[in-house]
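# Structural features, examined
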Amino acid sequence: MPDHDTTTRQAVISVLVENEAGVLARVIGLFSGRGYNIDSLTVAPVDEEKHLSRITIVTSGTAMVIEQIKAQLDRLVPIHKVADLTMEGPHIAREMALIKVAGVGEKRVEALRIADAFRARVVDATTESFVFEMTGTTDKLDAFTALMRPLGLVEVCRTGVVAIARGPKGIHG
């Protein structure tokens, strides 16, 4: 019987691409066309002089599926580099969120107390609501929003994960 690892793992894939129209659509098309799920996706220009953008994709699958995703991404023409940060060594991954909580009285006081413990900043306040800004790991944001739910969570807006390798080397090598 062949030795196939069927364990699913999460992967944070960083992709350096040409900053041109249609590139993101091609990357997303690769995922949707093969039935791969994207848990999080962020994209932004990172080098204006070289016309490069960086796409950070969080996905999950077996080791074989992750390897297929990386190989297929590598074959897309406008892509310069594909890096699986979860396999290439230590990396830092963060997400930013805006969290709106409505409440008065004790619930309001408790929301502020929890926000302080999580180092969330108040970026908007009315007599009946707060908007908190928070940066951290996905787990930290999940925990904070779970605690805000019974206190009057109204809505959450998240950026998606951005990630970078630790140490002196960049994605360029």
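Small disclaimer: the values here were computed from a predicted structure and weren't measured. (Residues numbered from 1 in each chain as written. Predicted model: local features only at pLDDT ≥ 70, side-chain atom pairs only at ≥ 80, totals over all residues. Heavy atoms only, no water.)

## A look at the pattern of salt bridges
Side chains that differ in charge, positive against negative, can pair when their charged atoms come close. Under the criterion given, the structure shown has eight salt bridges. When the shortest N-O distance is used, the salt bridge between Lys70 and Asp84 registers 3.6 Å. Here the residue Lys70 occupies a position in helix 2 (residues 63-75), and Asp84 occupies one in strand 4 (residues 79-84), the gap between them amounting to 14 residues. Taken as a pair, Lys70 and Asp84 share a single burial class, namely buried. With its nearest N and O atoms 3.6 Å apart, the salt bridge here joins Glu155 to Lys100. (Salt bridge = Lys/Arg side-chain N within 4 Å of Asp/Glu carboxyl O. Helix = DSSP H or I, 4+ residues; strand = E, 2+ residues; numbered from the N terminus. Buried < 20%, exposed > 50% of the residue type's maximum accessible area, 1.4 Å probe, protein only.)

## Some details on the nonpolar core
With 17 residues, the main nonpolar core has Ile13, Val15, Val27, Phe31, Ile57, Leu73 and Ile79 as its most contacted residues. Where this core is concerned, the elements lending two or more residues are strand 1 (9-18), helix 1 (23-34), strand 3 (52-61), helix 2 and strand 4. Other than its neighbours up to four places away in sequence, Phe31 contacts Tyr36, Asn37, Ile38, Ile57, Thr59, Ile69 and Leu73. Ranked by size, the runner-up nonpolar core spans 15 residues in total, among them Ala97, Ile114, Phe118 and Phe144. (Core = buried A, V, L, I, M, F, W, Y, C linked by side-chain atoms within 4.5 Å. Contact = heavy atoms within 4.5 Å.)

## Considerations on the sheet that holds strand 4
If you trace the four strands from one edge of the open sheet to the other, you get 2-3-1-4, paired in antiparallel fashion. Looking at which strands have only one partner, the edges of the open sheet turn out to be strand 2 (38-47) and strand 4. Adjacent strand axes in the sheet meet at a mean angle of 20 degrees, parallel and antiparallel pairs treated alike. In the sheet, strand 2 pairs with strand 3 via eight bridges, with the strands oriented antiparallel. In the strand pairing of strand 3, Ala44 is matched with Arg54. Seen against the sheet, helix 1 touches strand 1, strand 2, strand 3 and strand 4 and runs at an angle of roughly 15 degrees to strand 3. Running over the sheet, helix 2 touches strand 1, strand 3 and strand 4 and is turned about 160 degrees from strand 3. (Pairing = 2+ DSSP bridges. Axes fitted to C-alpha atoms, helices over the stretch in contact; angles between N-to-C directions.)

## Here we look at the side chain of Thr62
Within the element layout of this structure, Thr62 appears in the loop between strand 3 and helix 2. Sequence-distant contacts of Thr62, defined by excluding residues within four places in its chain, comprise Asp5, Thr6, Thr7 and Thr8.

Purely geometric numbers; function is a separate question.
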